[in-house]
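What follows is each chain in one-letter form.
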Amino acid sequence: MAVHPVVLPNKQIYDADDFWTDDFMDVAVVKIDADGLQAASFGDPANLKVGDAVVALGYPLGISPLDGGMTVTAGIVSNLENWFFIDETPYFDVIQTDAAINPGNSGGPMINLQGQIIGINSAGILDAQNMGFAISVATARHIYESLVADGSYSQPYLGIDIDDYYDDISGFPGAEASTGVEVLDVESGSVAALAGLRDGDVIYQFNGQAVTSFSDLLRFLWRMNAGDTVVLETKRNGIERTITITLDERPLSSYYI
């Protein structure tokens, strides 16, 4: 494997020849051989709240550490439930912030005021004011630990196509709210099909956690591993059912989750 140079903020150049990548989640791990470097610590994503102050670090516009210094921008957590697509890649477990994230900042850390990493800068919406996104450390750390331990990350897979499920809001005619996810299709032969999940089922709990939207289920699922067992609380024609599924590994060509 070819050796690649890595430049750190101290302007020292190190050789790196160990790389692990997960293209589906847009996360990579690069290992360098160096002494005297202090690793950053991870923050607890469970403690992150909308309105918390955050700082984004990076090298916008592709500026190398050798050519100019790192930029630091500050803001707050604007949203923890947003999601978006870039090309065909979905980004669900993201932190939205008004801290400036410009092209080139991707891969830099987003930190809290204790200096702990709570996200990885990922994208900015160029047509909007102050809308940037970072992959939550809840997903990023999970993938990082798997990549380092095994050299790969197996995307967990149910084998279903889903969308938000809406219920009428009592007392407000015509108003609806998302109260779960509806199974639109179940892949033949998938672990979901073998466990008894069917088209039209509504999933409202995932391992005891409330599922009120497509985004909820994706966040919970992506923090699991292939081979893990999950318990889904579902409804079918008003009848509650508990379904236990051992997650499969996601085929690269599948559009199901």
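Scroll up to find the structure.
Residues numbered from 1 in each chain as written. Predicted model: local features only at pLDDT ≥ 70, side-chain atom pairs only at ≥ 80, totals over all residues. Heavy atoms only, no water.

We now examine the environment of V137. Mapped onto the elements, V137 comes out in helix α1 (residues 137–150). Assessed through its relative accessible area of 3%, V137 is described here as buried. Excluding residues that lie within four positions of it along the chain, V137 makes contacts with F42, G43, P45, I117, I118, G119 and H142. (Helix = DSSP H or I, 4+ residues; strand = E, 2+ residues; numbered from the N terminus. Buried < 20%, exposed > 50% of the residue type's maximum accessible area, 1.4 Å probe, protein only. Contact = heavy atoms within 4.5 Å.)

Counting residues in hydrophobic clusters, the biggest one holds 36 residues, and the most contacted among them are I160, I162, F206 and L217. Ranked by residues supplied to this core, first place goes to helix α3 (residues 214–222) with six residues. If sequence neighbours within four positions are ignored, I162 has contacts with V181, E182, V183, L184, F214, L217, L218 and I257. The next biggest cluster of nonpolar side chains, apart from the first, holds ten residues, and it includes A56, I95, I101 and A134. (Core = buried A, V, L, I, M, F, W, Y, C linked by side-chain atoms within 4.5 Å.)

This brings us to the sheet that holds strand β10 (residues 117–124). Strands pair in a sheet through their backbones, by hydrogen bonds, and they do so in one of two ways: parallel or antiparallel. Spatially, six strands are ordered β4-β5-β8-β11-β10-β9 in a closed barrel, and the strand pairing comes out antiparallel. This sheet shows a mean twist of 45° between the axes of neighbouring strands, independent of strand direction. Lying over the sheet, α1 contacts β10 and β11 (132–136), oriented at roughly 45° with respect to β11. (Pairing = 2+ DSSP bridges. Axes fitted to C-alpha atoms, helices over the stretch in contact; angles between N-to-C directions.)

The next point concerns the sheet that holds strand β1 (residues 4–7). Read across the sheet, three strands follow the order β1-β2-β3 without closing on themselves; strand pairing throughout is antiparallel. The two strands at the open ends of the sheet, each matched to only one other strand, are β1 and β3 (27–32). Along the sheet, successive strands turn relative to each other by an average axial angle of 55°, direction set aside. Where strand β2 (residues 13–22) and β3 come together, six bridges link them in antiparallel fashion. The residue of β3 that forms the bridge with T21 is A28. Packed on one face of the sheet, α1 meets β2 and β3 and runs near 50° to β3.

Attention now moves to a negative patch on the surface. On the surface, D15, D17, D18, D33 and D35 cluster together into a negatively charged patch. You can see D33 is positioned in the loop between β3 and β4 (53–58). (Patch = residues over 30% accessible without salt bridge, like charges linked within 9 Å, V, L, I, M, F, W, Y side chains within 5 Å. Areas by Shrake-Rupley, 256 points an atom, 1.4 Å probe, with all protein chains shown as cover. Salt bridge = Lys/Arg side-chain N within 4 Å of Asp/Glu carboxyl O. Lys, Arg positive; Asp, Glu negative; His and termini not counted. Charge placed at Lys NZ, Arg CZ, Asp CG, Glu CD.)

Another point: the environment of H4. By secondary structure assignment, the location of H4 is in strand β1. Sequence separation between H4 and Y14 is ten residues; the distance between their C-alpha atoms is 8.3 Å.

For the rest of this paragraph, the subject is unusual backbone geometry. Positive phi values are uncommon outside glycine, yet N207 reaches one of about 50°. Within the element layout of this structure, N207 appears in the loop between β15 (202–206) and β16 (209–210). A positive phi is found at N237, a non-glycine position, where the angle reads about 55°. Tracing the backbone through its elements, the reader meets N237 in the loop between β17 (229–236) and β18 (239–246). A relative accessible area of 77% means that N237 is categorised as exposed.

Okay, the side chain of S146 next. Counting through the fold element by element, S146 comes out in helix α1. With residues up to four places along the chain from it excluded, the contact list for S146 reads G151, S152 and Y153.

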